[in-house]
Amino acid sequence: NEVQSEEQQQLQDLRLGGSDLEFCFFVSHDETGCSCAVYRSLEKRMIAISFRGTCTPIDLVTDASIVQDAWVEGEDVTKEGVMKIHSGFR
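Presented here is a report on the structure given in the accompanying data block. (Residues numbered from 1 in each chain as written. Predicted model: local features only at pLDDT ≥ 70, side-chain atom pairs only at ≥ 80, totals over all residues. Heavy atoms only, no water.)

Next up on the list: the sheet that holds strand 1 (residues 22-28). On the basis of which strands lie adjacent, the open sheet formed by three strands has the order 1-2-3 and antiparallel pairing. Edge strands, defined here as strands with exactly one partner in the open sheet, are strand 1 and strand 3 (46-51). Looking at each pair of strands side by side, their axes are set apart by 20° on average, direction ignored. As paired elements, strand 1 and strand 2 (residues 35-41) share six bridges and run antiparallel to each other. What sits directly across from F25, in strand 2, is V38. (Pairing = 2+ DSSP bridges. Helix = DSSP H or I, 4+ residues; strand = E, 2+ residues; numbered from the N terminus. Axes fitted to C-alpha atoms, helices over the stretch in contact; angles between N-to-C directions.)

Written out as structure tokens, the structure is:
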């Protein structure tokens, strides 16, 4: 059925990483306990980072912080276009 296959294609296109989402590596920070997995999609030209959820009480403090640092240390976070990262990942 042509309509069904078109709907299936639309659903597939809505998937986060396309049909080729590939696991790349896992990162764990010993001091903070933060850990994440990195995936990529060559089809969508996208990188996805999946962080582990809250596991310990100190994670609650890190999660609640809304402070962002510059991705490149020393850049001014108040300038438009400067890439930022949650301070808990620094």
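Now, onward.
Quick look at the packing of aromatic side chains now. Under the criterion given, the structure shown has one aromatic pair. Considering the side-chain rings of F23 and Y39, the 5.6 Å spacing of their centres and the 70° angle between planes classify their relative orientation as edge-to-face. Of this pair, F23 sits in strand 1 while Y39 sits in strand 2, and the two are 16 residues apart along the sequence. (Phe/Tyr/Trp six-rings, centres within 6.5 Å; stacked < 30°, edge-to-face > 60°.)

Using the criterion set out here, one finds one salt bridge in the structure. Put simply, R40 and E22 hold a salt bridge, and the shortest N to O gap is 3.1 Å. In this pair, R40 is assigned in strand 2 and E22 in strand 1, connecting sequence segments 18 residues apart. Residue classification places R40 among the partly exposed positions, given a relative accessible area of 34%. Among the residues examined, E22 registers a relative accessible area of 35% and is labelled partly exposed. (Salt bridge = Lys/Arg side-chain N within 4 Å of Asp/Glu carboxyl O. Buried < 20%, exposed > 50% of the residue type's maximum accessible area, 1.4 Å probe, protein only.)

Quick look at the pairing of strand 3 now. Where strand 2 meets strand 3, six bridges bridge the pair, whose relative direction is antiparallel. Bridge pairing links S41 to M46 in strand 3. Between strand 2 and strand 3, which follow one another and run antiparallel, lie four residues, and R45 among them has a positive phi close to 55°.

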